[in-house]
Amino acid sequence: MFSNEHINYLITYTFNFRNEELLSYYISFLRAISGKLNKNTISLLVKTQNQYLGDEVVSFPLYVEAIRYAFHEENMIRTAIRALTLNVYHVGDESVNRYVTTTPHAAYFSNLVTFFRKQCINLNRLVSDASKNPGSESISSILVAVDEIEDNLYYFSDVISAGIPDVGRLITDNILQYLIFPLLLPSLRIEAVNETQINAVTSMYLLCCVLRIVKIKDLANTVAASLFCPLEAFIKISETKLNGYISGHGFTHETEQSDSDNLDAKLESRSLEATISNLPSSSQSHEEDVTLQHSSSSSSLALREVLLSYVNNGDDMLVLGSLSIMATLLQTKELDESMLDALGILPQRKQHKKLLLQSLVGEGSDEEQLFSPESSSIRDGFNSELDRYLQKLKEQYGVLCSCPEVAACTRVHRFQVLDALVNLFCRSNISAETLWDGGWALRQLLPYNETEFNSHHLELLKDSYRNCTSTLLLEVKGFWQDLLITVLCDEWRKCKRAIEASSPRREPKYVLFPLQKSYFEEVSPGDSSIVAGERMCELVKVFVLLHQLQIFSLGRALPDQPPILPPSDVPQSFRAKATGLDVLGPKPGTELTLDDAVPCRISFERGKERHFHFLAVSLGTSGWILLAEELPLKQNYGVVRVTAPLAGSKPRIDDKHARWLQLRIRPSTLPPLDPDQTATYSQVNKKALVDGRWTLAFSNEYTCKSALSMILEETNLQSNEVERRIRPLLDLERDVNSSTS
């Protein structure tokens, strides 16, 4: 069927594709043919002519006609064309490989990158719109765009995996020249200047995606080396490369302007400072202060310094973006370790492994010299890869490094990264989820007790921990004191799992989603127990992280459970003993004594008043408000009919009626507060999130005050038991001081 040019005749026939259904059939026909290709059948679809080195393909209608529709507006057609091209590439015919990688057909790869660049700009538009009008629809649009972008990158990866020698080079050059250098790197700023540029958050996400998915060693190392170059170098490239550039498939890019004066003022005045103290050398310890001052505009800062400035000063999204780039670089296997070391993010275990190998081959034999910080990156040839890529940037792309002696600055860079991370943990305006990502990064850099993590860092962490502890103590008497220990134990396990994981908890795409105001704050009043519970969980997450970081920084192993005391064997409340409650607590239908109960009236429905006996009881860290009905045949005994949490009841006597006691009744459990679960929980009736209100009427003022005193007394016993059990968790500073003394 493939012989005698019949198939090629059908492929090149001029059909009337104004009928969209006919175009779909045509593309399906081309894709079906490509599925039959192998080294034997492909020769029947190409035309060759004899050259000096053998037969060369001069015509390949199937491939040429197919890529004409590679950027069709219909996604199904684009997908089919990609499948067809991959079938062609994976045949492995050398003459066909030369054909697709030479002019004019090699333009297909540059057009791919240009089309991808258009998708990146569209994603940035969606992100900007979502920041102005957040909601489920905008997030859904971003997710669709993210899927398309990642699909494109996976296509690049599949093309490279075909093993065509020149394709990897073509894709690398085009990604660098048409995407990374003119668009992504110049966009590492707070806001985009015009519609053909993107903001810093989108740029950081796209850089992470490219490095994670397109696994080309040359590409990864070139991007890493670019981080040592000043922002202004790439602004010039943006002006040069994209001014009036018209792609081969009709995409036109307007003139782009770059103005470094639009960069954030915080970056302009920020200086990155690293304090290096008591560092051991082969002969002595010394102390030095290294400060990198940049008094000029932020465009003169190296890109790595811009990213660290975001960690120090940026908002939640900028911090998460910078941490995502750091995590991506750490996990990019194609990246040379000398790059990581020069950037200051080479994990200590990898440093020791490299130095040990160098020692074994004769570059150093003394153990003290082996693990000396000064020796980690100054050995002969250690930075040869970095130097080679910096030279390539200069010669091939005209980009100059802002710090010529990068190898001599690696120790300073390492301290700058540590300082930025420690400063991050001292910031109160960053979400706990982002701080956990920072904890993961610090865990990668300092898995052991190293001298780089000095006393200054520890003191900063301790100050932040003290402030967090003081706030946590307020929760001992707060709305959710009965669940505080449960939340602490749960978050302890989650945090330990997060910072000890092989990769961060969240994918880079989460940096694109604007931080939305809590759903519970939108539907509940400001003093709602639900909002208070959300704040408590956020506080506990930060407290647990700071606690674990201090343990880890001292070289200790993190325990699986927090140091919390077991429940007391002896009930502290005499009422718990008198009522005869067991450890499981009261439930509706439970029988108990009413010796200390106070008669009251309450109406749960309009016009239907009921008589109960009121009782407040605490049992360890739990507590309840009980309404019981007296048993007619059993004096001083009753049956529990209604229970409510004691914590958060906020009792008060009514201002106008001295015999009325007002109580707030919160839910017995916290609603799902995980971001992934909140979306489904938001469909619940909003009335379910409103705290209940009870008004209890007593026979006289004395019994009303007795009921109030009962609640306050039992609440105090409950909070005392919570504080007693978490006291070892709060006494970490004593352990830290004993370990460092």
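Residues numbered from 1 in each chain as written. Predicted model: local features only at pLDDT ≥ 70, side-chain atom pairs only at ≥ 80, totals over all residues. Heavy atoms only, no water.

Caption draft 1: Representation of the overall build of the chain. The number of helices and strands found in the chain is 28 helices and 12 strands. Considering the chain as a whole, with its 741 residues, one finds that 54% of them fall into the buried category. Summarising the internal contacts of the chain: among those between residues at least 6 apart in sequence, 74% fall at separations of at least 24. Summed over all atoms, the accessible surface of the chain reaches about 34,100 Å², with 49% contributed by carbon and sulfur. (Helix = DSSP H or I, 4+ residues; strand = E, 2+ residues; numbered from the N terminus. Buried < 20%, exposed > 50% of the residue type's maximum accessible area, 1.4 Å probe, protein only. Contact = heavy atoms within 4.5 Å. Areas by Shrake-Rupley, 256 points an atom, 1.4 Å probe, with all protein chains shown as cover.)

Caption draft 2: Geometry of the packing of aromatic side chains. Scanning all chains against the criterion turns up 23 aromatic pairs. Each ring, one from Tyr 13 and one from Phe 15, has its centre 4.9 Å from the other, and the planes form 65 degrees; the classification is edge-to-face. Members of the aromatic cluster, connected to one another through ring pairs, are Phe 60, Tyr 63, Phe 71, Tyr 89, Tyr 99, Tyr 108, Phe 109 and Phe 115. Over the ring of Tyr 637 we find Lys 634, and its NZ or CZ is 4.6 Å from the ring centre. Above the plane of the ring of Trp 480 lies Arg 666, whose end atom (NZ or CZ) is 3.9 Å from the centre. (Phe/Tyr/Trp six-rings, centres within 6.5 Å; stacked < 30°, edge-to-face > 60°. Lys NZ or Arg CZ within 6 Å of the ring centre and 35° of its normal.)

Caption draft 3: Region of interest: the packing of helix H7 (residues 136-161) against helix H8 (residues 165-184). Interaxial distance between H7 and H8 falls to 8 Å at its minimum, and their mutual angle equals 150 degrees. Viewed along their axes, H7 and H8 adopt a mutual orientation that is roughly antiparallel. Relative to H8, H7 is oriented so that their crossing is left-handed. For the pair H7 and H8, contact is made by Phe 156, Val 159 and Ile 160 and by Val 167, Ile 171 and Ile 175, respectively. For the contact of H7 with H8, a count of residues per class yields 6 nonpolar, no polar and no charged. (Axes fitted to C-alpha atoms, helices over the stretch in contact; angles between N-to-C directions. Parallel < 35°, antiparallel > 145°, perpendicular 65-115°, else oblique. Left-handed = near helix turned anticlockwise from the far one by under 90°. Nonpolar A, V, L, I, M, F, W, Y, C, P; charged D, E, K, R; others polar.)

Caption draft 4: Examining the pairing of strand E6 (residues 598-605) more closely. Of the strand pairs in this sheet, E6 and strand E7 (residues 608-619) are connected by 7 bridges, and their pairing is antiparallel. Counterpart to Ser 603 in the pairing with E7 is Glu 609. The turn joining E6 and E7, which pair antiparallel and follow one another in sequence, is formed by 2 residues; a positive phi near 85 degrees is taken by Gly 607. (Pairing = 2+ DSSP bridges.)

Caption draft 5: Region of the structure containing helix H10 (residues 217-226). Counting buried residues in H10 gives 8 out of 10 residues, a clear majority hidden from the surface. Burial in H10 covers these residues: Leu 219, Ala 220, Asn 221, Thr 222, Val 223, Ala 224, Ala 225 and Ser 226.

Caption draft 6: Structural detail: the nonpolar core. Grouped together as the largest cluster of nonpolar side chains are 180 residues, with contacts concentrated most on Phe 60, Tyr 89, Tyr 108, Leu 123, Ile 175, Ile 180 and Leu 512. Broken down by element, this core gets its largest block of residues, 13 residues, from helix H24 (residues 529-553). Those residues in contact with Phe 60 that sit more than four places away from it in its chain are Ile 42, Leu 45, Val 46, Val 88, Val 96 and Tyr 99. Of all hydrophobic cores here, the second largest spans 34 residues; its members include Leu 581, Trp 624, Trp 694 and Met 710. (Core = buried A, V, L, I, M, F, W, Y, C linked by side-chain atoms within 4.5 Å.)

Caption draft 7: Quick look at empty space enclosed by the protein. Under the defined criterion, the tally for this structure stands at 3 cavities of 30 Å³ or more. Volume-wise, the largest cavity comes out at about 140 Å³. Contributing elements (two or more residues each) for the lining of the largest cavity: helix H13 (303-313) and helix H14 (316-331). In terms of residue class, the lining of the largest cavity is built from 10 nonpolar, 1 polar and 1 charged. (1 Å grid on protein atoms, 1.4 Å probe; cavity = no way out; pocket = protein on both sides within 12 Å on 5 of 7 lines; lining within 4 Å. Points joined across faces, edges and corners; volume = space filled by probe spheres on them.)

Caption draft 8: Layout of the packing of H7 against helix H9 (residues 200-213). H9 packs onto H7 with a crossing angle of 35 degrees between their chain directions and a minimal axis gap of 9 Å. For the pair H7 and H9, the crossing hand works out as right-handed. Counting all contacts with H7, which are made through Val 146, Ile 149, Glu 150, Leu 153, Tyr 154 and Ser 157, the residues of H9 involved are Tyr 205, Leu 206, Cys 209, Val 210, Arg 212 and Ile 213. Taken together, the residues of the contact of H7 with H9 break down into 9 nonpolar, 1 polar and 2 charged.

Caption draft 9: Quick look at the environment of Arg 304. Turning to its location among the elements, Arg 304 is positioned in helix H13. Put simply, Arg 304 and Ser 226 are 78 residues apart on the chain and 8.8 Å apart in space, counted from C-alpha to C-alpha. The contact partners of Arg 304, leaving out residues within four places of it in the chain, are Leu 227, Phe 228, Leu 343, His 413, Gln 416 and Val 417. At 2.9 Å, the side chain of Arg 304 and the side chain of Gln 416 are in polar contact. (Polar contact = N/O pair within 3.5 Å; in protein donor to acceptor, adjacent residues only side chain to side chain.)

Caption draft 10: Representation of the environment of Gln 331 in the model. Mapped onto the elements, Gln 331 comes out in helix H14. A C-alpha to C-alpha distance of 9.4 Å links Gln 331 and Leu 211, two positions 120 residues apart in sequence. Residues in contact with Gln 331, not counting those within four places in the same chain, are Trp 440, Ser 502, Ser 503 and Pro 504.

Caption draft 11: Region of interest: the pattern of salt bridges. One pass over the structure, following the stated rule, counts 32 salt bridges. As a salt-bridge pair, Lys 608 and Glu 605 come within 3.8 Å of each other at their nearest N and O atoms. Each of the salt bridges in this network shares a partner with another, and the network as a whole consists of Glu 459, Lys 462, Asp 463 and Arg 466. (Salt bridge = Lys/Arg side-chain N within 4 Å of Asp/Glu carboxyl O.)

Caption draft 12: The arrangement of a nonpolar patch on the surface in detail. Taken together, Tyr 9, Leu 10 and Tyr 13 make up a surface patch of nonpolar side chains, about 330 Å² in accessible area. Relative to the elements of secondary structure, Tyr 13 occurs in the loop between helix H1 (6-12) and helix H2 (20-34). Judged by its relative accessible area of 43%, Tyr 13 falls in the partly exposed class. (Patch = residues over 30% accessible without salt bridge, like charges linked within 9 Å, V, L, I, M, F, W, Y side chains within 5 Å.)

Caption draft 13: Just H9, in detail. For H9, built from 14 residues, the straight-helix expectation of 20 Å at 1.5 Å per residue is met to within 8% by its first-to-last C-alpha distance of 20 Å. Of all 14 residues in H9, 13 are buried, a share of seventy percent or more. Of the residues flanking the start of H9, the one acting as N-cap is Asn 199, its side-chain oxygen 3.3 Å from the backbone nitrogen of Val 201. (Expected span 1.5 Å × (residues − 1).)

Caption draft 14: Region of interest: unusual backbone geometry. Going from Thr 103 to Pro 104, the amide bond is cis rather than trans, its omega being 5 degrees. The topology assignment puts Pro 104 in the loop between helix H5 (94-100) and helix H6 (107-132). The phi angle at Asn 636 is positive, at roughly 65 degrees, despite the residue not being glycine. Turning to its location among the elements, Asn 636 is positioned in the loop between strand E8 (622-630) and strand E9 (637-645). Residue classification places Asn 636 among the partly exposed positions, given a relative accessible area of 37%. Here the phi dihedral of Lys 650 falls at roughly 45 degrees; this positive angle occurs in a residue that is not glycine. Residue position: Lys 650 is located in the loop between E9 and strand E10 (652-653). With a relative accessible area of 48%, Lys 650 lands in the partly exposed category.

Caption draft 15: Inspection of the environment of Leu 335 at higher detail. With respect to the helices and strands, Leu 335 occurs in the loop between H14 and helix H15 (337-343). Expressed as a C-alpha distance, the spacing of Leu 335 and Asp 218, which sit 117 residues apart in the sequence, is 8.5 Å. Contacts of Leu 335, omitting those with residues within four sequence positions, involve Ala 220, Asn 221, Ala 224, Leu 329 and Leu 340.

Caption draft 16: Summary view of the side chain of Thr 469. Relative to the elements of secondary structure, Thr 469 occurs in helix H21 (residues 455-475). From its side chain, Thr 469 meets the backbone oxygen of Tyr 465 in a polar contact 2.8 Å long. Every residue in contact with Thr 469, bar those within four places of it in the chain, is listed here: Phe 543 and Leu 730.

Caption draft 17: Structural view of the pairing of E8. Direction of pairing for E7 relative to E8: antiparallel, over a ladder of 7 bridges. Following the sheet pairing, Ser 618 is matched in E8 by Gly 623. Hairpin geometry of E7 and E8 is characterised by an intervening segment of 2 residues between the two adjacent antiparallel strands and by a positive phi of about 70 degrees at Gly 620. Pairing between E8 and E9: 7 bridges, direction antiparallel. In the sheet register, Ile 625 faces E9, and the bridge partner there is Ala 644. Counting the residues between successive antiparallel strands, the hairpin from E8 to E9 contains 6 residues, one of them, Asn 636, with a positive phi of roughly 65 degrees.

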